[in-house]
Amino acid sequence: MDPIGFEHHDHDSCIASGLAAAEDTCKDKGLQLTPVRRKALEILLSEHRAMGAYDVLARLREAGLGSQPPVAYRALDFLVSHGFAHRIELLNAYIACSHPGERHAPVFLICRGCDTVAEAPGKAATSALSAAVAETGFVPSRVLMEAEGQCPSCAAREDSA
Ligand SMILES: [Zn+2]
Ligand SMILES: [Zn+2]
Ligand SMILES: [Zn+2]
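Residues numbered from 1 in each chain as written. Chains lettered and ligands numbered in written order. Predicted model: local features only at pLDDT ≥ 70, side-chain atom pairs only at ≥ 80, totals over all residues. Heavy atoms only, no water.

Draft legend 1. Layout of the coordination of the zinc ion (ligand 3). Donor atoms from the polypeptide that coordinate the zinc ion (ligand 3) comprise Cys111 (SG), Cys114 (SG), Cys151 (SG) and Cys154 (SG), at 2.3 Å from the metal. Note that the zinc ion (ligand 3) binds four donor atoms; their angles at the metal cover 104 to 112 degrees, and the shape is tetrahedral. Within one chain, the residues serving as donors to the zinc ion (ligand 3) are arranged as C-x2-C-x36-C-x2-C. One end of the pair, cysteine 111, is in strand β3 (residues 107-111); the other, cysteine 154, is in helix α6 (residues 152-160), with 43 residues separating them in the sequence. For the pair cysteine 111 and cysteine 154, one class covers both residues: buried. (Donors = N, O, S within 2.8 Å, 3.2 Å for Na, K, Ca; no water. Tetrahedral: all angles 85-135°; square planar, octahedral: opposite > 155°, others 65-115°. Helix = DSSP H or I, 4+ residues; strand = E, 2+ residues; numbered from the N terminus. Buried < 20%, exposed > 50% of the residue type's maximum accessible area, 1.4 Å probe, protein only.)

Draft legend 2. Representation of the nonpolar core. In terms of nonpolar packing, the biggest core is built from 26 residues, with Leu41, Leu44, Val56, Leu79 and Phe84 touching the most fellow members. For this core, the secondary-structure elements that each account for two or more residues are α1 (11-29), α2 (35-45), α3 (53-62), α4 (69-81) and β2 (93-96). Once you skip the residues sitting within four places of it in the chain, leucine 41 turns out to touch Gly18, Leu19, Ala22, Leu79, Phe84 and Ala96. Counting residues in each nonpolar core, the second largest holds five residues, with Ile88, Ile95, Ile110 and Val117 among its members. (Core = buried A, V, L, I, M, F, W, Y, C linked by side-chain atoms within 4.5 Å. Contact = heavy atoms within 4.5 Å.)

Laid out in structure tokens, this is it:
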């Protein structure tokens, strides 16, 4: 699993394959990828940045697919609960998943320079954290795996400045 988002890549095919993966999964699981849900995913896929619900709502409105906040929230909830998108708690925003269909426990890498968010493999970190928590008897209701900082290109820009 590559940390897609920080490298240059064919972004058109990135959007197309994200939508195709969602369509396949919905077909397999008998889920309804309604026009609003599909458009919300396309909006998130259009950038490797986290977008707030209101940004998504504004674009849905432009597309004539609804103008009320619950419309956007319901579509985003659907995408998150079925693994097509992730919620980034630090930013109170959403990103399209880079690896839909795969089981994964990502660490989110959030660049403060360009707002890009990438997913990196977080399985080892997650199990280490779970083990540490288990020893204390603490029962976590949620665990955040998010890191803020600078992506390679923003770090390079700063070095050369
Ligand atoms: Zn892309
Ligand atoms: Zn993901
Ligand atoms: Zn950056």
